[in-house]
Each structure stands twice: as C-alpha cells, then as structure tokens.
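Observations on chain architecture
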Amino acid sequence: MYDFSKVVITSSPHIKSKEDTKSIMLDVLIALIPSLFVSTYVFGFRAVLMTAVSVIACMVFEAIYDKIVGKENTIMDLSAAVTGVLLAFVCPVTLPYWMLIIGDGIAIIFAKCLFGGLGKNFINPALAGRAFLLASWPVAMTTWARPHSQIGIISNSQEAIDAFSAATPMAIIKGSAEGDLPSMMSMFLGQCGGSMGEVSAIALLIGGAYLLMRKVITIHIPAAYILTVAVIALIFPMGDLSRIESLAYSVLGGGLMLGAIFMATDYSTTPVSKKGQIVFGIGCGLLTVMIRYFGGYPEGVCYSILLMNTTVWLIDKYTRPTKFGAPAKQKKEG
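So, here is what we can say about the structure in this document. All figures in this text were calculated on a predicted structure; none of them were measured in a lab.

Thresholds, definitions, all that
- Residues numbered from 1 in each chain as written.
- Predicted model: local features only at pLDDT ≥ 70, side-chain atom pairs only at ≥ 80, totals over all residues.
- Heavy atoms only, no water.
- Helix = DSSP H or I, 4+ residues; strand = E, 2+ residues; numbered from the N terminus.
- Contact = heavy atoms within 4.5 Å.
- Areas by Shrake-Rupley, 256 points an atom, 1.4 Å probe, with all protein chains shown as cover.
- Buried < 20%, exposed > 50% of the residue type's maximum accessible area, 1.4 Å probe, protein only.
- Axes fitted to C-alpha atoms, helices over the stretch in contact; angles between N-to-C directions.
- Parallel < 35°, antiparallel > 145°, perpendicular 65-115°, else oblique.
- Left-handed = near helix turned anticlockwise from the far one by under 90°.
- Nonpolar A, V, L, I, M, F, W, Y, C, P; charged D, E, K, R; others polar.
- Lys, Arg positive; Asp, Glu negative; His and termini not counted.
- Salt bridge = Lys/Arg side-chain N within 4 Å of Asp/Glu carboxyl O.
- Expected span 1.5 Å × (residues − 1).
- Polar contact = N/O pair within 3.5 Å; in protein donor to acceptor, adjacent residues only side chain to side chain.

Further remarks concern the overall build of the chain. What the chain contains, in helices and strands, is 17 helices and zero strands. Pairs at least 24 apart in sequence give 71% of the contacts found in the chain among residues at least 6 apart. When the accessible surface of the chain is summed, it comes to about 16,700 Å², and 68% of that surface belongs to carbon and sulfur atoms.

Next up on the list: unusual backbone geometry. Positioned with a positive phi, Leu78 is a non-glycine residue whose angle comes to about 70°. Tracing the backbone shows Leu78 in the loop between helix H2 (46-69) and helix H3 (79-89). The exposure class of Leu78 is buried, given its relative accessible area of 15%. With a phi close to 60°, Lys215 is a non-glycine residue in the positive phi region. You can see Lys215 is positioned in the loop between helix H10 (201-213) and helix H11 (220-235). Taking the relative accessible area as the measure of exposure, Lys215 reaches 73% and is therefore exposed.

On to the packing of H10 against helix H13 (residues 256-263), then. Where H10 contacts H13, the axes come no closer than 10 Å and their chain directions differ by 15°. Here H10 is positioned roughly parallel relative to H13, judged by the angle of their axes. H13 is crossed by H10, and the crossing has left-handed handedness. Residues Ala201, Leu204, Leu205, Gly207, Gly208 and Leu211 of H10 touch H13, and the partners they reach there are Met257, Leu258, Ile261 and Phe262. Tallied by class, residues from the contact of H10 with H13 come to eight nonpolar, two polar and no charged.

Let us look at the side chain of Arg130. Here Arg130 shows up in helix H5 (residues 125-136). It is Glu198 that comes nearest to the buried, bridge-free Arg130 among opposite-charge side chains, at 5.7 Å. Leaving out residues up to four positions away in the same chain, Arg130 has contacts with Leu87, Val90, Met141, Trp144, Ser195, Tyr297 and Cys302.

For H2, which comprises 24 residues, the first-to-last C-alpha distance of 35 Å matches the rise-based estimate of 34 Å (1.5 Å per residue) to within 8%. Next to the buried residues of H2 lie helix H1 (21-43), H3 and helix H4 (97-110). Just downstream of H2, Gly70 is the residue with a positive phi angle, here 75°.

Mapped onto the fold, Thr94 is located in the loop between H3 and H4. Of note is the side chain of Thr94, whose polar atom sits 2.6 Å from the backbone oxygen of Thr143.

Structure below.
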C-alpha cells in the first residue's frame, strides 16, 4: 500500500524544471563572455578590471542590504553579478572606478533591493545605474576611448584620458561630435569608440544566439525592437546617409544590440505574453528613434527601455491571454 505520508501538498502551479535563477543568470554571464573578450582586445585589460570591480561592488551592496534588513543572503543567485557586468558594459572604459561603484550602489539598492529584490523591481537596475551616472557625471560618461588606445588600468589624469578620446559613430552622425565615421564592418567587429560592451555587434549576436538556444530569452522583444529601428531608419535616413547606411549604422551603432538582447529581455521588467513583448519591443524601438532623431542626446536605448519598463503593467493588462473556454463577457473584460 502506498505511503501517503510522503506526499508533499503544495499550491499550484505544479511545474517542475531543472532551471532556476542561478542557472539562468549563469547562462546570461556566459552569453556576455564574447563581448568581454572583444572589449578587452579593443580597450585593454582595464575592461576586465572595470567589469570585475562592478561585479564585486554589486554583490557587496546586495549582501550588505540583505544583512541590514535581515533577509537571506541572495548574492549566490548571480543576479547581482549580471547587473554588475551589464552596468560596466554600458559605461566607457575611461570611467573612474569610484563613479562606477556609486552607479552599482544605485542599481542594486535603489533600483532593485528597495522594491523587494529580484523579480519585484519595475525598472532595469543596470540601466537605472547608468541613467544616474549620466545625469551626475555627463562628461565622464561621454568620454570614449579610441580602439587600442591602451588606457591605464589603475589611474589616469583627465588630460591623459582626453588624449585617448574618440567620438562614437552615433555622435558623428548626429553632428554633435567631429570625426571620421567608422566603416560598417568596423562597427560589426568592434573597432570603434563606445561603451565597453556595445562596440561589437557580432559578439552580442553570438551571445544572443546562445541565450535563444538555451531558451533563456525569446526572439519577440529583440526582433521587434531591432526591426522597428531598422524600418524607420530605412524609410527616414539619418543625416546625410543613404538608406542602407542609415539602416546599418542605426542597428550596429550605439547600444541597440546590447539593449535589445540583454536589457529589454529582463524577466521582471518586461511583459509576460508574447503579444505584450512585441508591443514592448516596438515601443522601445519608437522611443529610441525619437530620441536619436529629435533629442539632444545621440543615443536613446537606455532611456527608451526605462520608459517602457514603466508601461509593462499597462501592456500586461491589455495583452494577457483569456482563459480557455471562458464566457464572452470574461474574454472581453480580460
């Protein structure tokens, strides 16, 4: 006779999976490795050190917060490590370490922990940290290093850093900076100025393909986001570029690839349904183009995703699926 004392009674849903938060975050970290390799090749070992500092700072901030409020330590789920890598990737390699650490604190404590921790934050922590840094130190956050300029790993005077500075492709196209526009192949491979993790489209695509293969993300948000920007850039070319050049530079330039693949797909800050994810991606694309074309800032990915994060509740409300076999009235209300 079966021993019913061994039966565990729990509430629904009764779904079992080998995947957990730690394994998902580990997959994201693995997917970011190609971008770290390219960033290290382009900007030197300082890129590795900045990434390590950011990861350690995020994990320390989360551990301190958990200790203060009496929560179980959550740093081993690797979500703080992912935030640290992503925040470092959206900053210039010339950014002083102490500024990066402050951004880590804002990302972990104010954008994540104060809202209840992982899964309860309504905006992307890494992008919130970047937005704070850009508002607080705009010059430092827009000082880009030339490829292979060999920025020192420990300390640099501002004069030395300025000597290595270079304009980003998006700033050159917008006319807010002077310089020679890099070739599309250079942007694809990562031989241009920009934030650490956004300079190489091919590295980001490799990481995105890995996440899709592992089913960590779906194609809906990245495809909707990138295609929206591409179509508008093709119909309404930027600056003096041809239609094809406008499409290529809009997609390969700036933080579009990094944002679409790794930021806009964050589970807790994006819609649940596939229809909602497509709406979210299109919204991110439209806002990115509006900021790039009409705003004073040549890049719009960060603020676009943050703004769309605040609309997720509304998107979920109007795109959630209805119960199978529900009466027409419930379907309409749903």
